[in-house]
Amino acid sequence: MSKRIGVYPGTFDPITLGHLNLVERAANLVDELIIGVALNTHKHSLFTVEERIEMVKQEIKKFQDKHTIIVKPLVDTLLVNFAKENNAQMIFRGLRAVSDFEYEFKMCVTNRRLDENIETVFLMASEKHQFVASEFVKEICKLGGDISTFVTKNVADKLITRFKEVGEIK
């Protein structure tokens, strides 16, 4: 039997507790999970791809004693090509609310047209993390709010430091 490999793509700017919940659950379904840290030209990222890769690597250490999880950059290629290059049979996508479904459905159908051998697996966000979004976390942090229920302390510290560097918060 061949090794089951899955890809969990995202910008992870920054990685949230919701992302980490999906990482753990996806890792339970495959022999190897590859987290593809993407460059999204439609979004303004606070952190570089390299910084986000390091952040993700730091945050997933707690899962690596029982799961094989690899973090790689996902830039300048289509998601299905990234999956094929990594011998993945499935792509994991998280759904937080009905509003996510239309976009994810279109992406799933498009990816299926590009390669019908790669399945998309949707995982519903846990109830606790249903409305956690990186963009909200950044906005809350920038305005001085408490983000401790959305991200780890390590990520919160990096966010605060970055906003101080760019002069967004004092």
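Above: the structure in question.
Treat the numbers as computed from the prediction; the structure is a model and nothing was measured.

Draft legend 1. Up close: empty space enclosed by the protein. Within this structure, the stated rule accounts for one cavity of 30 Å³ or more. The computed volume of the largest cavity comes to approximately 30 Å³. Considering the residues around the largest cavity, the lining is formed by Leu79, Ile91, Arg93, Glu104, Met107, Cys108, Asn111 and Thr120. Among the elements of the structure, β4 (90–95) and α4 (98–114) are those that each provide at least two residues to the lining of the largest cavity. With four residues, α4 is the largest single contributor of residues to the lining of the largest cavity. Per-class residue counts for the lining of the largest cavity are four nonpolar, two polar and two charged.

Draft legend 2. Seen up close, the packing of helix α5 (residues 134–142) against helix α6 (residues 153–165). Remark: α5 packs on α6, axes separated minimally by 10 Å, with the N-to-C direction vectors making an angle of 60°. The pairing of α5 with α6 is recorded here as oblique in orientation. The chirality of how α5 crosses α6 is right-handed. Residue-level contacts link Val137, Lys138, Cys141 and Lys142 of α5 to Leu159, Ile160 and Phe163 of α6.

Draft legend 3. Inspection of the environment of glycine 144 at higher detail. Summarising the element assignment, glycine 144 is placed in the loop between α5 and α6. Along the primary structure glycine 144 and alanine 97 are separated by 47 residues, whereas in three dimensions their C-alpha atoms are 26 Å apart.

Draft legend 4. Region of interest: the side chain of asparagine 111. Residue position: asparagine 111 is located in helix α4. Here asparagine 111 is in contact with Leu79, Val80 and Ile91, once residues within four sequence places are set aside.

Draft legend 5. Quick peek at the pairing of strand β1 (residues 5–10). The buried fraction of β1 is high, at six of six residues. Of the two faces of β1, the one lined by Ile5, Val7 and Pro9 and the one lined by Gly6, Tyr8 and Gly10 are each fully buried. Bridging between β1 and strand β2 (residues 32–38) involves six bridges; their strand directions are parallel. When the bridges of β2 are listed, glycine 6 appears paired with leucine 33.

Draft legend 6. Representation of the nonpolar core within the structure. Within the largest apolar cluster, 35 residues are counted, with the highest numbers of intra-cluster contacts made by Leu33, Ile35, Ile60 and Leu159. Of all the secondary-structure elements, those providing two or more residues to this core are α1 (17–27), β2, α2 (49–60), β3 (69–74), β4, α5 and α6. With sequence-adjacent residues up to four places away left out, isoleucine 35 is seen in contact with Tyr8, Phe12, Val23, Val56, Ile60, Ile69, Ile70, Val71 and Lys72. Ile5, Val7, Leu74 and Phe82 belong to the second largest nonpolar core, which has 13 residues in total.

Draft legend 7. How the structure looks around the sheet that holds β2. The parallel open sheet is built from five strands, whose spatial order is β3-β2-β1-β4-β5. A strand with exactly one partner marks an edge of an open sheet, and here the two such strands are β3 and β5 (119–124). The sheet shows a mean angle of 30° between the axes of neighbouring strands, taken without regard to direction. Of the strand pairs in this sheet, β1 and β4 are connected by two bridges, and their pairing is parallel. Looking at the pairing, glycine 6 lines up with methionine 90 of β4.

Cut-offs applied
- Residues numbered from 1 in each chain as written.
- Predicted model: local features only at pLDDT ≥ 70, side-chain atom pairs only at ≥ 80, totals over all residues.
- Heavy atoms only, no water.
- 1 Å grid on protein atoms, 1.4 Å probe; cavity = no way out; pocket = protein on both sides within 12 Å on 5 of 7 lines; lining within 4 Å.
- Points joined across faces, edges and corners; volume = space filled by probe spheres on them.
- Helix = DSSP H or I, 4+ residues; strand = E, 2+ residues; numbered from the N terminus.
- Nonpolar A, V, L, I, M, F, W, Y, C, P; charged D, E, K, R; others polar.
- Axes fitted to C-alpha atoms, helices over the stretch in contact; angles between N-to-C directions.
- Parallel < 35°, antiparallel > 145°, perpendicular 65-115°, else oblique.
- Left-handed = near helix turned anticlockwise from the far one by under 90°.
- Contact = heavy atoms within 4.5 Å.
- Buried < 20%, exposed > 50% of the residue type's maximum accessible area, 1.4 Å probe, protein only.
- Pairing = 2+ DSSP bridges.
- Core = buried A, V, L, I, M, F, W, Y, C linked by side-chain atoms within 4.5 Å.

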